[in-house]
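# Coordinate analysis (summary)
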Amino acid sequence: MGRVNDTISNVNSAIRNLLLAILVAGAGIGGYKAYDLYNAPRQQLADKQAELDSTASNLKLANDKLAAQQKKVTDLSTELADKTAQVDRVEVSLKLLKVRHRLARVRVVDQQGTASLNPAIPSEGTDNKASHINLLTKIEFTEVDEQGNAIGEPKSFDIVGDMVYVDYLRVTFDDKFIEQSDLDRSTSIVLFQRVFGEHQAPAEGFQLDTVGSRPTAYARGTQMTEFEKKIWTDFWLIANDPQRARDLGINAAHGAAVAMRVQNGKTYELELRSTGEMSFRPIDAAPSIVPPVNSHAT
């Protein structure tokens, strides 16, 4: 009987231990589930925050890259503007270098009347002044390049007398630019103004170049640049403003004139040298002038 009771007691103890174990295990599982349910949203939130931080970081990198690209574009635009200005300057320089000696030919087509070749010694019994006033000289003025090709169409004028004047506007640059062979300012430049006779007032002379526009010899079929505009359109402002002239490297800007007592049938040449002097002299034999090419010809 005692053994039976011991057995029953042992069974009951085992059952209690089993139930206790099941209860503890259930409590552990329940706690884990409860912790998991509590912690999952926080983990999801942390994951979302990490994803957001990553996206923000990528966006910042993209913005930084875009800013760098924009700066590069701005720098390239500035560089392009500088290069364009340099090209513009070089184009002007090349044109000026090609026209170091601005040339023109004056051909005496005809003379009607009589005049003394030495007006200081009038012929006996004649009025020297009257004889020159009665003399009419027809000339043909043609600009040419250094190869003798005509620049623009010839212009014909009737001059009173046989003394022909050509006045012009001249710009000379500082010696240092000539010595340094500065592309823009290594040669003098001129704008032919008028041609007239000794018995005509200069204001009544015949216009050659137009003040404020680019002279034909310097055009070469291109657009006038800012550097040229400052010279051709502001000539008298520059001439009267030493600081403006210095800013452009200009030593002098003023008007001048040359004259020649011409003879019928002769041809004379006007030439501007790089130093700024203009010569007006006869040439031994009038070379043939190649007419300008008609750009509209087929």
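None of these values were measured; they are calculated from a predicted model.

A few words on the overall build of the protein. Counting its secondary structure elements, the protein contains 7 helices and 9 strands. The buried share of the protein, reckoned over its 298 residues, is 30%. By sequence separation, contacts in the protein at least 24 residues apart represent 67% of the contacts at least 6 residues apart. About 18800 Å² of surface is accessible on the protein, with carbon and sulfur atoms providing 56% of the total.

This part is about a nonpolar patch on the surface. A surface patch of nonpolar side chains, amounting to about 480 Å² of accessible area, comprises V11, I15, L18, L19 and I22. Turning to its location among the elements, I15 is positioned in helix α1 (residues 2-98).

Note that S279 resides in strand β9 (residues 278-282). A distance of 2.7 Å separates a polar atom in the side chain of S279 from a polar atom in the side chain of R281. Beyond its immediate stretch of four places on either side in the chain, S279 contacts E269, L270 and E271.

The pairing of strands in a sheet happens through backbone hydrogen bonds and is either parallel or antiparallel. Spatially, 5 strands are ordered β3-β2-β1-β8-β9 in an open sheet, and the strand pairing comes out antiparallel. The strands lining the two open edges of the sheet, one partner per strand, are β3 (150-160) and β9. The sheet shows a mean angle of 20° between the axes of neighbouring strands, taken without regard to direction. As paired strands, strand β1 (residues 103-112) and strand β8 (residues 267-272) are joined by 5 bridges and run antiparallel to one another. Bridge assignment links R105 to a residue of β8, and that residue is E269.

With that out of the way, let us pick up the pattern of salt bridges. Going through the model one piece at a time under the given rule, you end up with 11 salt bridges. For K71, the salt bridge goes to D75, with nearest N and O atoms at 3.0 Å. Here K71 and its partner D75 are both found in helix α1, 4 residues apart, which amounts to about one turn of the helix. In this structure D75 comes out as partly exposed when scored by relative accessible area, which is 38%.

Here the focus is the packing of aromatic side chains. Evaluation of the coordinates by the stated rule reveals 5 aromatic pairs. For the pair F157 and F206, a centre-to-centre distance of 5.1 Å together with 25° between the ring planes defines the contact as stacked. Of this pair, F157 sits in strand β3 while F206 sits in strand β6 (residues 206-207); the two residues are 49 residues apart in sequence, bridging distant segments of the chain. Assessed through its relative accessible area of 9%, F157 is described here as buried.

The next point concerns the sheet that holds strand β4 (residues 163-173). Taken in spatial order, the 4 strands of this open sheet run β6-β5-β4-β7, and their pairing is antiparallel. Of all the strands in the sheet, just β6 and β7 (250-261) have a single pairing partner and so form its edges.

Right, let's get into the nonpolar core. Judged by nonpolar contacts, the single largest core of 21 residues is most densely connected at F141, V166, F192, V195, L270, M278 and F280. Among the secondary structure elements, those contributing two or more residues to this core are β1, β2 (136-144), β3, β4, β5 (189-197), β8 and β9. If we ignore the near neighbours within four places in the chain, the residues touching M278 are Y168, V190, F192, V258, L270, E271 and L272. Membership of the second largest hydrophobic core comes to 14 residues, among which are L169, I189, L191 and A253.

Turning our attention to the environment of N264. Looking at the secondary structure, you find N264 in the loop between β7 and β8. Expressed as a C-alpha distance, the spacing of N264 and R107, which sit 157 residues apart in the sequence, is 8.6 Å. Every residue in contact with N264, bar those within four places of it in the chain, is listed here: V108, V109, D110 and Q111.

Okay, the pairing of β4 next. By the criterion of burial, β4 is predominantly enclosed, with 10 of the 11 residues buried. With 11 bridges joining them, β4 and β7 adopt antiparallel strand pairing. By the bridge assignment, Y165 is partnered in β7 with A259. Inspection of the sheet shows β4 paired to β5 by 8 bridges, in the antiparallel sense. Residue pairing in the sheet places R170 in a bridge with V190 of β5.

We now examine the confidence of the model for the protein. Averaged over all residues, the pLDDT of the protein equals 76, while 66% of them reach at least 70. Per-element averaging of pLDDT across the protein places helix α2 (residues 128-133) at the bottom with 50 and β2 at the top with 93. Within the model, the stretch residues 119-126 combines pLDDT values under 50 with 5 contacts to residues more than four positions away or in other chains. Ignoring residues within four places in sequence, the model shows residues 179-185, a span with pLDDT below 50, making 17 contacts including any to other chains.

Conventions and cut-offs
Residues numbered from 1 in each chain as written. Predicted model: local features only at pLDDT ≥ 70, side-chain atom pairs only at ≥ 80, totals over all residues. Heavy atoms only, no water. Helix = DSSP H or I, 4+ residues; strand = E, 2+ residues; numbered from the N terminus. Buried < 20%, exposed > 50% of the residue type's maximum accessible area, 1.4 Å probe, protein only. Contact = heavy atoms within 4.5 Å. Areas by Shrake-Rupley, 256 points an atom, 1.4 Å probe, with all protein chains shown as cover. Patch = residues over 30% accessible without salt bridge, like charges linked within 9 Å, V, L, I, M, F, W, Y side chains within 5 Å. Salt bridge = Lys/Arg side-chain N within 4 Å of Asp/Glu carboxyl O. Polar contact = N/O pair within 3.5 Å; in protein donor to acceptor, adjacent residues only side chain to side chain. Pairing = 2+ DSSP bridges. Axes fitted to C-alpha atoms, helices over the stretch in contact; angles between N-to-C directions. Phe/Tyr/Trp six-rings, centres within 6.5 Å; stacked < 30°, edge-to-face > 60°. Core = buried A, V, L, I, M, F, W, Y, C linked by side-chain atoms within 4.5 Å. pLDDT = per-residue confidence, 0-100.

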